[in-house]
Amino acid sequence: MQRVDEFFPRDYADGRARFLALTQAAGFSTTSFVHPARRAPDGGELACDVAWSGPAAASRLLIISSGTHGVEGFCGSGAQAALLASGALGGMPADAAVLLVHAVNPYGFAHLRRTNEDNIDLNRNFIDHSRAPANPGYDEIHGWLVPESWDGPAREEADREITRYQQERGMRAFQEAMTGGQYNHPDGLFYGGQAPAWSNLTWRRILREHCARAEEIVAIDLHTGLGPWGVGEALCVASEDEHRRAVSMFGDQIKWTGAGTSVSAQIGGTLVHAAHAELGPGKLTMIGLEYGTYTIPETLEALRAETWLVARGRTDSPEAARIKQRLKDVFYVDDPAWKQAVVDRLMGFVTRTREVFR
Ligand SMILES: [Zn+2]
């Protein structure tokens, strides 16, 4: 038997090749949505690949997607590969299908970014851009989060101001201002963009072309970076209705971000919101499976450094390599026990979905 380590990719190209080989071997039919304008650092193609198994007209559908947040795809791609190799996706009822979506944001996966080619956080991009919400909290802290230089007096002053903000408003308010999404600072953190990104249009196309016929859909979008090490917290972000459906299927382990008790701040404009809009009311139960890595301050600091690097730093410097490696490390724990926990947790959801579909 293969060790769980062996399913997790060295880089995007490795993850993609493995995904295509394993889906083909398991009899899935695959479609590739190739990025029209961007390439990997090694010049290779970037694509979002989808793989379908089951009847074309299946009324029940399980979707498992990875790499919405680029660099988080190391985890998601590895978990998808381990599932495929284990055979766990077989044995669905006759009227059910499985759709795997590999690397929703291939640019971020390949270039070690959480965001896409335009610094867009895809889970803030699915909004009506003519009515982008304001985030005055972020406006206030942007200049400190992304200072002129990463060392020296500018950085020290920025850190003092951030600490002052945290002390005056509290950590929860700081996290919400920083991570809740913003539309005014294209070089900033958790930027939602000014228009639908390529990955946004591709995700909608996948839903329309592959998912429109299904009547009951369970979807799991794989993420990392929030929550305790190795724990996969299952989150519903769209509505209390969806949360109720998820609890009836998977139990009260499912958190709703609107309740304020989950590891994530309440956010709008996610893939989930778009999926509900595309598929119609009541059909979809979508879960964000958020695997914990390190503490929130550690993760946010790594994100802040990488955002600074791209906005103000030199991407060919030795410092750049360290910042990129650190970002990868906080979103992907290269440890067999962590990876095993990731795969086991996802396997549990697949097993339970198969029972729900019977
Ligand atoms: Zn994520």
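Before reading on, note that the structure itself is shown above.
(A) Main features of the coordination of the zinc ion. His 69 (ND1), Glu 72 (OE), Glu 72 (OE) and His 223 (ND1) make up the full set of protein donors to the zinc ion, lying at 2.0 to 2.6 Å. The coordination sphere of the zinc ion comprises four donor atoms, whose angles at the metal cover 54 to 146°; the geometry is irregular. The sequence motif formed by the donor residues of the zinc ion is H-x2-E-x150-H. With relative accessibility at 4%, the residue His 69 sits in the buried group. Assessed through its relative accessible area of 2%, Glu 72 is described here as buried.

(B) Main features of unusual backbone geometry. A positive phi angle is found at Ala 103, which is not glycine, with a value near 65°. For Ala 103, a relative accessible area of 0% corresponds to the buried category. We note that Asn 119 has phi near 60°; this positive angle belongs to a residue other than glycine. Inspection of the secondary structure assignment puts Asn 119 in the loop between α3 (106-110) and α4 (136-145). Judged by relative accessible area, which is 8%, Asn 119 ranks as buried.

(C) Just empty space enclosed by the protein, in detail. Within this structure, the stated rule accounts for two cavities of 30 Å³ or more. Contributing to the lining of the second largest cavity are Arg 113, Arg 114, Thr 115, Asn 119, Gly 188, Leu 189, Phe 190, Leu 303, Glu 306 and Thr 307. Counted by class, the lining of the second largest cavity contains three nonpolar, four polar and three charged residues. When we break the lining of the second largest cavity down by domain, the ones giving at least three residues each are domain 1 (4-128 + 198-292 + 334-356) and domain 2 (132-190 + 298-325).

(D) A look at the packing of aromatic side chains. Evaluated as defined, the whole model comprises nine aromatic pairs. Taken together, a centroid distance of 6.2 Å and an interplanar angle of 20° make the contact between Phe 8 and Tyr 332 stacked. Taken together, the residues Phe 8 in the segment before α1 (12-25) and Tyr 332 in the loop between α11 (318-331) and α12 (336-356) connect sequence positions 324 residues apart. A relative accessible area of 5% means that Phe 8 is categorised as buried. Ring centres 6.4 Å apart and planes at 65° place the aromatic pair Tyr 291 and Trp 338 in the edge-to-face group. With a gap of 47 residues between them, Tyr 291 in strand β8 (residues 284-292) and Trp 338 in helix α12 connect regions that are remote in the sequence. Residue Tyr 291 shares its accessibility class with Trp 338, and that shared class is buried. Following the ring pairs from residue to residue traces out a cluster consisting of Phe 8, Tyr 12, Phe 74, Phe 109, Tyr 291, Tyr 332 and Trp 338.

The rules behind these values
Residues numbered from 1 in each chain as written. Predicted model: local features only at pLDDT ≥ 70, side-chain atom pairs only at ≥ 80, totals over all residues. Heavy atoms only, no water. Donors = N, O, S within 2.8 Å, 3.2 Å for Na, K, Ca; no water. Tetrahedral: all angles 85-135°; square planar, octahedral: opposite > 155°, others 65-115°. Buried < 20%, exposed > 50% of the residue type's maximum accessible area, 1.4 Å probe, protein only. Helix = DSSP H or I, 4+ residues; strand = E, 2+ residues; numbered from the N terminus. 1 Å grid on protein atoms, 1.4 Å probe; cavity = no way out; pocket = protein on both sides within 12 Å on 5 of 7 lines; lining within 4 Å. Points joined across faces, edges and corners; volume = space filled by probe spheres on them. Nonpolar A, V, L, I, M, F, W, Y, C, P; charged D, E, K, R; others polar. Domains from an automatic or database assignment. Phe/Tyr/Trp six-rings, centres within 6.5 Å; stacked < 30°, edge-to-face > 60°.

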